[in-house]
Amino acid sequence: MQVKIADSWKNILQTEFEKPYFKSLITFVKEEYTKNQCFPKEEEIFAAFNFCSLKELKVVIIGQDPYHGENQANGLCFSVQDGIKHPPSLVNIFKEIQTDLNKEYPQSGNLEKWAKQGVLLLNATLTVRAHNAGSHQKQGWETFTDTVIQKISKEKENVVFLLWGGFAKKKAKLIHKKKHFILESGHPSPLSANRGYWFGNKHFSKTNTILQEIGEKPISW
């Protein structure tokens, strides 16, 4: 399996690709994709980086694992392919946008349009075996994506990090808090949202306010 990743990211991650853990990870992923049905498609594993260049990066949203259902995952966290039923977490994300920004609920759950505006939709683990949640965790992906977060923190300034749920909040320690903005809330999953930890966080309007204050174009969520 070749690592097909945009040049802007390759330039700062090249040393990572040479490390033993990453080579071992790629061997594992290659074997998994050969023997089992896995998601997302092989060519979409690094989609988050290929739709959102490092130069254009404004916002980072951190997810945990790709969707493991048929035709759902497309390499962007929380996003699904066009025409696919919206998973519960994505439904709650769109509901919050509805009330926060007074926007209509969208037909498509494909978040490519966010990525193209500078939103890095980063799962901590970039692959998964079909119908087996978490099956590719602790194989090296987390080491890689933690490094990505640290590189962003070091190389960039004034990035808005949206940390949703306990897993994502743990990534705050990787981010230089004086250089960047961190917004935290509960996870959009029904379990968290129905307990009152998600709805009303206004992360989408808050992000746009921050971007406008630093002279950046707001995101069309």
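Residues numbered from 1 in each chain as written. Predicted model: local features only at pLDDT ≥ 70, side-chain atom pairs only at ≥ 80, totals over all residues. Heavy atoms only, no water.

Novice: Give me the lowdown on the pairing of strand E3 (residues 119–123), citing residues and values where you can.
Specialist: Taking burial as the measure, the five residues of E3 include five buried ones, the bulk of the element. Across five bridges, the pairing between strand E2 (residues 59–63) and E3 is parallel. Note that in E3 the partner of Ile 61 across the bridge is Leu 121. (Buried < 20%, exposed > 50% of the residue type's maximum accessible area, 1.4 Å probe, protein only. Helix = DSSP H or I, 4+ residues; strand = E, 2+ residues; numbered from the N terminus. Pairing = 2+ DSSP bridges.)

Novice: Hey, could you go over the packing of helix H2 (residues 20–35) against helix H6 (residues 141–155) for me, with residue numbers and the actual values?
Specialist: With their axes 9 Å apart at the nearest point, H2 and H6 run at an angle of 125° to one another. Between H2 and H6, the angle is such that the two are oblique. Our pair here, H2 against H6, has a crossing hand that is left-handed. Contact residues: H2 offers Tyr 21, Phe 22, Leu 25 and Val 29, while H6 offers Trp 141, Thr 143 and Phe 144. In the contact of H2 with H6, the residues fall into six nonpolar, one polar and no charged. (Axes fitted to C-alpha atoms, helices over the stretch in contact; angles between N-to-C directions. Parallel < 35°, antiparallel > 145°, perpendicular 65-115°, else oblique. Left-handed = near helix turned anticlockwise from the far one by under 90°. Contact = heavy atoms within 4.5 Å. Nonpolar A, V, L, I, M, F, W, Y, C, P; charged D, E, K, R; others polar.)

Novice: Give a description of the nonpolar core that names residues and reports values.
Specialist: With 68 residues, the main nonpolar core has Trp 9, Phe 49, Ile 61, Trp 114, Leu 120 and Phe 144 as its most contacted residues. By residue number, the principal contributor to this core is H2, which donates six residues. (Core = buried A, V, L, I, M, F, W, Y, C linked by side-chain atoms within 4.5 Å.)

Novice: Residue-level account of the packing of helix H4 (residues 88–101) against helix H9 (residues 203–213), with values.
Specialist: Orientation of H4 relative to H9, taken along the N-to-C sense of each, is 60°, at an axis distance of 8 Å. Relative to H9, H4 is oriented oblique. Within the contact between the two elements, H4 uses Ile 93, Glu 96, Ile 97, Asp 100 and Leu 101 and H9 uses His 203, Phe 204 and Ser 205. Its residues placed into classes, the contact of H4 with H9 shows four nonpolar, two polar and two charged.

Novice: Account for the sheet that holds strand E5 (residues 160–164), naming residues and giving values.
Specialist: Note: strands within a sheet are paired through backbone hydrogen bonds, in either parallel or antiparallel orientation. Spatially, E3-E2-E5-E6 is the arrangement adopted by the four strands of the open sheet, whose pairing is parallel. Of all the strands in the sheet, just E3 and strand E6 (181–185) have a single pairing partner and so form its edges. On average, each strand axis in the sheet is inclined to that of its neighbour by 20°, with strand direction left out of account. In the sheet, E2 pairs with E5 via three bridges, with the strands oriented parallel. For Val 60, the partnering residue across the bridge sits in E5 and is Phe 161.

Novice: A description of helix H1 (residues 7–17) should follow, citing residues and the corresponding values.
Specialist: Every buried residue of H1 is listed here: Trp 9, Ile 12, Leu 13, Glu 16 and Phe 17. Down the axis, H1 shows its buried residues gathered within 155° of arc, on one side only. Exposed side chains of H1 directed beyond 90 degrees from the buried face belong to Asp 7, Asn 11 and Thr 15. Buried residues along H1 sit in contact with H2, helix H3 (47–51), E3 and H6. (Arc of directions from axis to C-beta.)

Novice: Explain the packing of aromatic side chains to me, using residue names and the numbers behind them.
Specialist: Taken as a whole, this structure holds 19 aromatic pairs when the rule is applied. On the basis of an interplanar angle of 90° and a centroid distance of 6.2 Å, the ring pair of Tyr 21 and Phe 22 is categorised as edge-to-face. Judged by its relative accessible area of 1%, Phe 22 falls in the buried class. For the pair Trp 114 and Trp 221, a centre-to-centre distance of 4.8 Å together with 90° between the ring planes defines the contact as edge-to-face. (Phe/Tyr/Trp six-rings, centres within 6.5 Å; stacked < 30°, edge-to-face > 60°.)

Novice: Just give me the short version of the environment of Val 119, but keep the residues and values in it.
Specialist: Considering the arrangement of structural elements, one finds Val 119 in strand E3. With a relative accessible area of 0%, Val 119 lands in the buried category. Sequence separation between Val 119 and Val 159 is 40 residues; the distance between their C-alpha atoms is 9.7 Å.

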